[in-house]
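Descriptive analysis of the structure
Residue strings, one per chain:
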Amino acid sequence: MSLLGLSPERESASAFEFLLNSQLANGAWPAFRGDTEGSWTTSLALSTIVVTNHTSEACQRALKWLLAEKGEEGHWLWRWKFKTVDRNVRFDPDKYGWPWNHGAGSWVIPTAFSLIAIKQYTVCARREASEARIRLGVEMLFDRACVDGGWNSGNSIVYGVPLRPHVEATAIALLALQDERRNEVVDKSLLWLRQRAATVRSASSLAWTILSLFTYREPIQQLQDRLAYIIGDGTDIRNNATLAVVLLALRCGEMIHPFMVLR
Amino acid sequence: MSINRRRALGAAAAAAATVGVEARTLWPQHTVDYRRAQSRVAVLNAEAYSEGLEETVFRGLRLFRINVRGMRVLLKPNLVEDLPEPVNTNPVLVGATARCFLRLGARQVVVGEGPGHQRDTELVVEAAGLRPMLREKQIEFVDLNRDELRRVRLKARYSGLGELWLPRGVLASDFVVSMPKIKTHHWAGVTLSLKNMFGIVPGMKYGWPKNLLHWHGIHESILDICATVPIHFVIADGIIAMEGNGPLQGTPRELGKIVLADDPVAADATCARLMGFDPLQVRHLSDGSRFLGNPRADRIAMLAEPLGTRIRPFAVLPEFQYLVAQ
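In this report, the structure presented in the accompanying data block is examined. (Residues numbered from 1 in each chain as written. Chains lettered and ligands numbered in written order. Predicted model: local features only at pLDDT ≥ 70, side-chain atom pairs only at ≥ 80, totals over all residues. Heavy atoms only, no water.)

Glancing now at the environment of Phe 291 of chain B. Residues and elements named next belong to chain B. Relative to the helices and strands, Phe 291 resides in the loop between α11 (283-288) and β12 (300-302). Take Phe 291: its relative accessible area is 0%, and that puts it in the buried class. Residues Phe 291 and Val 80 lie 211 residues apart in sequence; the distance between their C-alpha atoms is 28 Å. When sequence neighbours within four positions are dropped, the list of residues in contact with Phe 291 reads His 30, Val 32, Asp 33, Tyr 34, Arg 35, Ala 156, Tyr 158, Leu 223 and Ala 227. (Helix = DSSP H or I, 4+ residues; strand = E, 2+ residues; numbered from the N terminus. Buried < 20%, exposed > 50% of the residue type's maximum accessible area, 1.4 Å probe, protein only. Contact = heavy atoms within 4.5 Å.)

This is the structure in structure tokens:
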């Protein structure tokens, strides 16, 4: 994402080179430099390469890794457990997506990022395996939606009590569903996000909201103005992920949307 | 089943149990032992989150005669969601504690947290009301979900994780203060100073929630994390606690107490008793008693208020009814 926020060509080229050099032998990207395990950032890296029009065999290796990766509940034994003895969290274990890291269950945000990356990369020539994995991931997102719309990390009802949605998770899940047929879940979630956006004061949540609403052709100018006011000169932003997403949101509509999925 | 088969199975079970006990002795699950001969706990009365809290905490800290002069002190509150009281450790208590440690000569006081549910830490910090306090007192906040990381070999083997990536902001601290909100927890039974340390595990690597820890066992992961990053002191927020379906959807319970301790197991055992629970029914406390600290009342010196005998147990989900002391 930092790469997408850069404009001078030389910086952009060296950032891209860094990105390619960080790919692991199995096609995945680690969560940070120095780590040796593939992680949820693989989908972000793949999206970046695709939208910056860099064709690279790195994409094919990343896709292969993404198609093979799944939440632990994708294993039959865990599916059986969640269907029979462990029913405290309401979800359908047959509908699984992607974990944050290998060995854990599926969650909303890594599933949404993986869906976006696979959709973007395979838009011109999608094979059956990719389509099947996309459909399963989309079903997982719908299954994990909160009762009144929106998403949180992925637990909609725990011990019979509905949990509330989160702004970032809702915005990112909606990004993954932008090209899907509109339904009640999407409409309720959009409505919730629009209403919640009016009071969000955090830069990261507001930036993700802008990027998401834009793909649904919702007005974003006022939200961009508020984001610019909140961040001021940017010196209070302490992490690169927030800085990158803020830059992308402020320039949303002026440049290629990094999470846009073509139909 | 024939008698012979029953006998054979019984003998096999007994042998397995014996081997298990022997294995634990020969190959212990932990490589550290933080237990003291006598742990110290102070239960302080505090009716509200008010200005006077600083003096209450300061008086409490002086009972322990702790020396933090020249140290970097990390305050680790429990910040979970952008929800109102009593989900998060109250910012007034965090601010009062920060000022107390500075008064005691700490070189630097840092507040650090890596929320496990909400990916947007800023949103949680704002909603918890912590931002004005941090700004006013120029206290640094470290987002432990996105800090620089170092790979660390775990000092216990309960979870089987072997190692974890942990934030530099935690590892570079001289004195770690766990500041939990006293709450029931729908997976762990209770969330107190030991469970609070889940927040030092970085979301950047392990996600939101830090689900790998759940797959490897919540109690087991708590034990491994607390063996590796020792808690030096506990200040638990029980002024308004949470009962029922915690840690997010329970109901407020006015307990009117702050619990200070130099031993996290003693602190959590005392909090559990204040909740009307049997601490040894909490698995990470019973297992933690082998190396992290003392849960038994006869190994805990009470420096301030006695616990009292008329305790109305906290409401719990039916699955956790076994926690309630008989």
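To continue, consider the state of the cysteines. Residue and element names in this part refer to chain B. Under the defined criterion, the tally for this structure stands at zero disulfides over all chains. Considering cysteine sulfurs only, Cys 226 is the nearest to Cys 271, which forms no disulfide, with 14 Å between them. A relative accessible area of 1% means that Cys 271 is categorised as buried. (Disulfide = S-S within 2.5 Å.)

Attention shifts here to the layout of surface pockets. Taken as a whole, the second largest pocket holds about 690 Å³ of empty space. Lining the second largest pocket are 26 residues, and of these Lys 81, Phe 82 and Asp 86 of chain A together with Trp 187 and His 214 of chain B lie nearest its centre. For the lining of the second largest pocket, the secondary structure elements donating two or more residues are α5 (76-84) of chain A together with α8 (211-215) and α9 (218-228) of chain B. Per-class residue counts for the lining of the second largest pocket are ten nonpolar, nine polar and seven charged. (1 Å grid on protein atoms, 1.4 Å probe; cavity = no way out; pocket = protein on both sides within 12 Å on 5 of 7 lines; lining within 4 Å. Points joined across faces, edges and corners; volume = space filled by probe spheres on them. Nonpolar A, V, L, I, M, F, W, Y, C, P; charged D, E, K, R; others polar.)

With that out of the way, let us pick up the interface of chain A and chain B. In this complex, chain A contributes 42 residues to the contact, which on the side of chain B involves 31 residues. Between chain A and chain B the total buried area reaches about 3100 Å² when both faces are included, carbon and sulfur atoms providing 56% of it. The largest per-residue losses of area from chain A upon contact with chain B belong to Phe 32, Trp 100 and Tyr 159 of chain A, which jointly make up 20% of the total buried on that side. Where chain A touches chain B, the interface holds six salt bridges. Note that Asp 35 of chain A and Lys 205 of chain B form a salt bridge whose closest N and O atoms lie 2.6 Å from each other. Along the contact surface separating chain A from chain B lie 17 residue pairs in polar contact (both at pLDDT 80 or more). Looking at the side of chain A that touches chain B, the elements with two or more residues in it are α5, α6 (108-122), β2 (161-162), α8 (167-176) and α10 (203-215) of chain A. Looking at which element gives the most residues to the side of chain A that touches chain B, the answer is α10 of chain A, with three residues. (Buried area = accessible area lost by both parts, 1.4 Å probe. Salt bridge = Lys/Arg side-chain N within 4 Å of Asp/Glu carboxyl O. Polar contact = N/O pair within 3.5 Å; in protein donor to acceptor, adjacent residues only side chain to side chain.)

Interpretation note: all reported values are geometric properties and have no functional meaning in isolation.
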